[in-house]
Amino acid sequence: MIELWNTYGIWTAWTLLYIVLIVGGVMFSVAYLTYAERKVLGGMQRRQGPMTVGPFGLLQPIADGIKLFSKETIIPSQAHRVVFLLAPMMLFALSLVAWAVIPFDKGWVLANINVGILYLFAISSMGVYGIIMAGWASNSRYAFLGGLRSASQMVSYEVSMGLIIVCVLLCTGSLNMQEIVLAPRPIWMQVLLFPMFIVFLVSILAETNRTPFDLPEGESEITGGFMVEYSAMTYALFFLGEYANMILMSAMAVILFLGGWLPLPLLGFLTFVPGIVWFALKTAGVLFFFLWSRATLPRFRYDQLMRLGWKIFLPLTLAWVVIVSGTLLSLDALPGQKEKANLLAPVERSVESLIEGGEEILRAIESVGDEIVGDEAVDEE
Amino acid sequence: MIVQAFAFYLFAGILTVSALMVITARNPVHSVLFLVLAFFNAAGLFVMLGAEFIALILVIVYVGAVAVLFLFVVMMLDINFSDMRKGAMQYVPIGMVIGAVLLTELVMLYGTWQFVPGREQNIADPVAAFAGQNNTEALGQLIYTNYIFAFQTAGLILFVAMIGAIVLTHRTRAGVRKQAVSDQQARNPADVLEIQKITPKTGV
């Protein structure tokens, strides 16, 4: 038992501590993201935003949280109870689980796994279940419509997001999040990846159901979509999950395109600033883009949303995968490449194997022919 | 080791139970959700084998895409399942016969199965041949270098299947109004607008 404690117990205790730290940090950020959203929206609409609770309204998110806690949870009598309650929990849990592989600074990562980016992609692709389950279990038409809209939207934009990630991975040569950040990126590579950064920003707006792609909620048409039957804590879990997902996607954009915890270029003299500060600042920058677009853009029409995803982003990103890999190959800049690439090597190999196969067939024909000739010779005798 | 064994039996147990629930659950949506749980636990088992790449691909492809489509279809179908179950009992004998045939085949196959020499070593260290490489690199080496032609052939077959599915399901319906974005954007005010000066009391 002591041995078991020594091998696993201490490790478990430390891991639990890290998890509490990360979850606490994410929840704190979510609370103040809602505050920032209201302040930014207010500023862009020449209002003041929350300002009565605490100095500058800084305690507003806490007051909101207490209000949601103290409300009554209502479960519609026609709802499928278990799935109805499972859906918000799942969405919330998934939005937190994904943080396990995010490196906040060099070595500051809970699970430094080899396939970190795939893990992140897998978790974010599971997020759709919470929404689709909520839409179905509510047994309400508005909720169902919202769930269907959201599911098809997320599935559509995930495809192009996957291809964008492939573009970045081609340049970095690793699926590990830290190695993605630390991989050398010359200027031409940044320029090559810049269009993908733009497409990625738009895709994460669609993936997190934010304006201008917030059709699943669409309060003016389907009165809040999949969340329409939820109240109190179940609603709060959806809300927290959505905002945690926004922060997560921003962090993903920072890691893939903006250099994670590294200081910005031309500001190299600021290396004494801890990496986590850079990371937080960059993430906040991407988050500001979320809020900014909410204050600026009207909502898309649904067929336009689908057209953008399938007919514009998908071909564009697919073409970009080819362009990036072709450029890397022709510039001999593939990560992990030691010698000059021989572009004709595959052709040579296939020609060689074709020749070998042909020779083998010829030999087989000859041997069969010998046998036949041999038989005939026997017959003649 | 005890923790590994515990994790294995946890994953395997939940996997088996949820696989059973997939075929026994009364509600088809619950079936699909149990299927997702089964996929997830299978991914856990892959991780325990050291195949983290395959585990995550399983989650991305099957949980993230295939099961979502299943769920979509099942949710949209409006079927009365008590009606469907009415005549189900009459198919039990033929089902049992097919099951018995398959079981016999499996047993016979397993009885005559020849194992590779040194398979214990392979199980203990699946990527021994690719020492020093991680999972993803080892798989890439196998798929894109050693077995490139087999891989390309598989891709070609999938491609043909995709084209076949599109051709079979595609139909052009008459009378559907579609938005041609390029036409709309190519419209020129000079071509479609006519400015007329109208003097009062004369009309156009």
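Quick caveat, the model's predicted, so the values are computed rather than measured.

**Student:** Tell me about the overall build of chain B, and please be specific about residues and values.
**Tutor:** Assigned secondary structure in chain B consists of ten helices and zero strands. Reading chain B from its N terminus to its C terminus gives the helix and strand order α-α-α-α-α-α-α-α-α-α. Classification of the 204 residues of chain B by burial places 18% in the buried group. When the accessible area of chain B is evaluated, it comes to approximately 16,200 Å², of which 69% is carbon and sulfur surface.

**Student:** Account for the overall build of chain A, naming residues and giving values.
**Tutor:** Regarding its fold elements, chain A presents twelve helices and zero strands. Across its three principal directions, the C-alpha atoms of chain A cover 115 × 60 × 60 Å. Counting across all 381 residues of chain A, residues that qualify as buried make up 45%. In chain A, the proportion of contacts linking residues at least 24 apart, taken out of those at least 6 apart, comes to 77%. Split by element, the accessible area of chain A, about 19,600 Å² in all, is 69% carbon and sulfur. Of the side chains in chain A, 22 bear a positive and 30 a negative charge, and the two mean positions are spaced by 28 Å.

**Student:** An account of a positive patch on the surface is requested, with residue identities and associated values reported.
**Tutor:** A cluster of basic residues, A:Arg307, A:Lys311, B:Arg171, B:Arg173 and B:Lys178, forms a positive patch on the protein surface. Along the polypeptide, A:Arg307 turns up in helix α11 (residues 302–330).

**Student:** I'd like a rundown of the packing of helix α3 (residues 52–76) of chain B against helix α7 (residues 135–146) of chain B, residues and numbers included.
**Tutor:** Residues and elements named next belong to chain B. In the contact formed by α3 and α7, the axes pass within 8 Å of each other and the chain directions differ by 85 degrees. By the criterion of interaxial angle, the relationship of α3 to α7 is roughly perpendicular. Contacts between α3 and α7 involve Glu52, Phe53 and Ile54 from the first element and Asn135, Thr136 and Leu139 from the second.

**Student:** Just give me the short version of unusual backbone geometry, but keep the residues and values in it.
**Tutor:** All names here are of chain A. Look at Arg46: it is not a glycine, yet its phi comes out positive at around 55 degrees. Checked against the element boundaries, Arg46 lands in the loop between α1 (2–44) and α2 (60–69). Arg46 sits in the exposed class, given a relative accessible area of 80%.

**Student:** Can you break down the confidence of the model for chain A residue by residue, with the values?
**Tutor:** Confidence along chain A averages 84 in pLDDT terms, with 93% of residues attaining 70 or more. Across chain A, the secondary-structure element scoring lowest on mean pLDDT is helix α8 (residues 219–222) of chain A, at 68, and the one scoring highest is helix α10 (residues 275–296) of chain A, at 90.

**Student:** Go over the pattern of salt bridges, please, and point to the residues and values.
**Tutor:** Residue and element names in this part refer to chain A. Using the criterion set out here, one finds six salt bridges over all chains in the structure. The closest approach of N and O atoms between Arg38 and Asp64, which form a salt bridge, is 3.1 Å. Of this pair, Arg38 sits in helix α1 while Asp64 is found in helix α2, placing the two residues 26 residues apart along the sequence. Classification of Asp64 by relative accessible area gives partly exposed; the value is 27%.

**Student:** How would you explain a nonpolar patch on the surface if you had to name every residue and give the values?
**Tutor:** On the surface, A:Trp5, A:Ile10, A:Trp14, A:Leu17, A:Tyr18 and A:Leu21 cluster together to form a nonpolar patch covering roughly 670 Å² of accessible area. Relative to the elements of secondary structure, A:Leu17 occurs in helix α1.

**Student:** I'd like to hear about the nonpolar core, residue by residue, with values.
**Tutor:** Counting residues in hydrophobic clusters, the biggest one holds 115 residues, and the most contacted among them are A:Trp99, A:Ile102, A:Tyr129, A:Phe200, A:Ile204, A:Leu256 and A:Phe257. The element that contributes the greatest number of residues to this core is helix α4 (residues 116–137) of chain A, accounting for 16 residues.

**Student:** Can you lay out α10(A) for me, pointing to particular residues and giving the numbers?
**Tutor:** All names here are of chain A. Given a rise of 1.5 Å per residue, 22 residues ought to cover 32 Å, and the 32 Å separating the end C-alpha atoms of α10 matches this to within 8%. Residues of α10 that are buried include every one of Gly275, Trp278, Phe279, Lys282, Thr283, Val286, Leu287, Phe290, Leu291 and Ser293, and no others. Elements that come into contact with the buried residues of α10 comprise α1, α7 (187–207) and α9 (232–257).

**Student:** Hey, could you go over the domain arrangement of chain B for me, with residue numbers and the actual values?
**Tutor:** Under the domain assignment used here, chain B contains domain 1 (1–81) and domain 2 (130–170). Put simply, the middle of domain 1 of chain B and the middle of domain 2 of chain B, counted by C-alpha atoms, are 24 Å apart.

**Student:** Summarise the interface of chain A and chain B; cite the residues concerned and give the values.
**Tutor:** If you look at the interface, chain A gives 29 residues, while chain B gives 29 residues. Our count for the chain A to chain B interface comes out at zero salt bridges. Applying the counting criterion to the chain A and chain B interface returns three residue pairs in polar contact (both at pLDDT 80 or more). Only α1, α4, α5 (141–172), α11 and α12 (345–380) of chain A provide two or more residues apiece to the side of chain A that touches chain B.

**Student:** How would you sum up the environment of A:Met246? Please name residues and give values.
**Tutor:** Residue and element names in this part refer to chain A. Note on placement: Met246 falls in helix α9. The class for Met246 is buried, based on a relative accessible area of 1%. C-alpha of Met246 to C-alpha of Val286: the two residues are 40 residues apart in sequence and 9.5 Å apart in space. Setting aside chain neighbours within four positions, we find Met246 in contact with Leu33, Thr208, Arg210, Leu287 and Phe290.

**Student:** Pulling in residues and values, what's your account of the side chain of A:Ser125?
**Tutor:** Residue position: A:Ser125 is located in helix α4. Residue classification places A:Ser125 among the buried positions, given a relative accessible area of 0%. Reaching out from A:Ser125, the side chain makes a polar contact with the backbone oxygen of A:Ala122 at a distance of 2.8 Å. The contact partners of A:Ser125, leaving out residues within four places of it in the chain, are A:Glu158, B:Ile60 and B:Gly64.

**Student:** I'd love a proper account of the packing of aromatic side chains, names of residues and values included.
**Tutor:** All names here are of chain A. With the rule as written, the count across this model stands at 19 aromatic pairs over all chains. Pairing Tyr157 with Phe313 gives two aromatic rings, centres 6.1 Å apart and planes at 85 degrees, and the pair type is edge-to-face. Taken together, the positions of Tyr157 in helix α5 and Phe313 in helix α11 put the pair 156 residues apart, joining distant regions of the chain.

Cut-off values and rules
- Sequence order as written defines residue numbering, which begins from 1 separately in each chain.
- Here the convention is simple: chains get letters from A, ligands get numbers from 1, in the order in which they are written.
- Predicted model: local features are reported for residues with pLDDT of at least 70 only, side-chain atom pairs are reported and counted for 80 or more only, and whole-chain, interface and lining totals are derived from all residues.
- Processing note: side-chain calculations cover all non-hydrogen atoms of the structure and skip hydrogens and water entirely.
- Each helix is a run of H or I in the DSSP string that is no shorter than four residues. Each strand is a run of E no shorter than two, and both are numbered from the N terminus.
- Type-normalised accessible area, obtained with a 1.4 Å probe on protein chains alone, sets the label of each residue: buried when under 20%, exposed when over 50%, and partly exposed for intermediate values.
- Using a 1.4 Å probe, the Shrake-Rupley method yields the accessible areas, and only the shown protein chains count as cover for residues.
- We call two residues in contact whenever any of their non-hydrogen atoms come within 4.5 Å of each other.
- Just so you know, the count uses Lys and Arg for positive and Asp and Glu for negative, and it drops His and the chain ends.
- In this description, the location of a charge corresponds to atom NZ of lysine, CZ of arginine, CG of aspartate or CD of glutamate.
- Patches here: salt-bridge-free residues with over 30% relative accessible area, like charges joined within 9 Å, nonpolar side chains (Val, Leu, Ile, Met, Phe, Trp, Tyr) joined within 5 Å.
- Just to be clear on terms, a salt bridge is a Lys or Arg side-chain nitrogen sitting within 4 Å of an Asp or Glu carboxyl oxygen.
- Orientation is described by axes fitted as lines to C-alpha atoms, over the contacting stretch for helices, and by angles from 0 to 180 degrees between their N-to-C directions.
- Here roughly perpendicular refers to angles of 65 to 115 degrees, roughly parallel to angles under 35, roughly antiparallel to angles over 145, and oblique to all remaining angles.
- On a range of 0 to 100, pLDDT expresses the predictor's confidence in each residue.
- Buried residues of nine kinds, namely Ala, Val, Leu, Ile, Met, Phe, Trp, Tyr and Cys, make up a nonpolar core once their side-chain atoms join them within 4.5 Å.
- Every helix has an expected span of 1.5 Å times one less than the residues it contains.
- Source of the domain bounds: an automatic or database domain assignment.
- Under the rule applied, a polar contact is a pair of N or O atoms within 3.5 Å (in protein, one hydrogen donor and one hydrogen acceptor; residues adjacent in sequence only if both atoms are side-chain atoms).
- Geometry of aromatic contacts follows a simple scheme: Phe, Tyr and Trp rings, the Trp one being its six-membered ring, pair when their centres are within 6.5 Å, and the pair is stacked under 30 degrees between planes, edge-to-face over 60, tilted otherwise.

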